[in-house]
Amino acid sequence: MDLSQMCPKYESAVEILGKKWTGLIVRVLLGGPKRFKEIKEQIPDMSDRILTERMKELENNQLLKRHVYPETPVLIEYELTEKGRDLEPVIAAIQDWGEKWMSTDV
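Residues numbered from 1 in each chain as written. Predicted model: local features only at pLDDT ≥ 70, side-chain atom pairs only at ≥ 80, totals over all residues. Heavy atoms only, no water.

### A look at the pairing of strand β1 (residues 64-69)
Strand residues, when the strand is regular, have side chains that alternate between the two faces of the sheet. Note: β1 against strand β2 (residues 75-80), six bridges, orientation antiparallel. Bridging across to β2, Arg-66 finds its partner in Tyr-78. Between the antiparallel neighbours β1 and β2 lie five residues. (Pairing = 2+ DSSP bridges. Helix = DSSP H or I, 4+ residues; strand = E, 2+ residues; numbered from the N terminus.)

### Observations concerning the confidence of the model for the protein chain
With 99% of its residues at a pLDDT of at least 70, the protein chain reaches an overall mean of 94. Ranking the helices and strands of the protein chain by mean pLDDT puts helix α5 (residues 82-85) first, with 98, and helix α1 (residues 8-17) last, with 93. (pLDDT = per-residue confidence, 0-100.)

### Quick look at helix α4 (residues 48-60)
Spanning 13 residues, α4 covers 18 Å between terminal C-alpha atoms, matching the ideal 18 Å at 1.5 Å per step. Among all positions in α4, only Ile-50, Leu-51, Arg-54, Met-55 and Leu-58 are buried. Buried residues in α4, looked at end-on, bunch into an arc of 135°, giving them a common side. In α4, the exposed positions that point more than 90 degrees away from the buried face belong to Arg-49 and Asn-60. On its buried side, α4 packs onto α2 (22-29), α3 (36-42), β1 and β2. Taken from the residues just after α4, Gln-62 is the one with a positive phi, measuring 55°. (Expected span 1.5 Å × (residues − 1). Buried < 20%, exposed > 50% of the residue type's maximum accessible area, 1.4 Å probe, protein only. Arc of directions from axis to C-beta. Contact = heavy atoms within 4.5 Å.)

### Structural notes on a nonpolar patch on the surface
Judged by side-chain polarity, Met-6, Tyr-10 and Val-14 come together as a nonpolar surface patch covering roughly 330 Å² of accessible area. Its location among the elements puts Tyr-10 in helix α1. We classify Tyr-10 as exposed; its relative accessible area is 53%. (Patch = residues over 30% accessible without salt bridge, like charges linked within 9 Å, V, L, I, M, F, W, Y side chains within 5 Å. Areas by Shrake-Rupley, 256 points an atom, 1.4 Å probe, with all protein chains shown as cover. Salt bridge = Lys/Arg side-chain N within 4 Å of Asp/Glu carboxyl O.)

Next up, the structure:
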């Protein structure tokens, strides 16, 4: 790995995943498909507006897909794509690093 120059692909990945809340959303969705409300329950400090914005960004980057079920009321679920599920070892590595180095006072 050549660290003397910035790789554009790395830069793009960090641009997506480095946004506040995005990693938490991906982590929640690694547990399987969820409704908006279920995601919100696991990340209560995030506003509805930001969650909606991040979900659209993740969908636009093909990391998640939105399923709309024509029921009454309409049921919408969000699920990681294969591309999104491929982040599992990355999320696990961040979790391991956090367990080792971060205090709960942060």
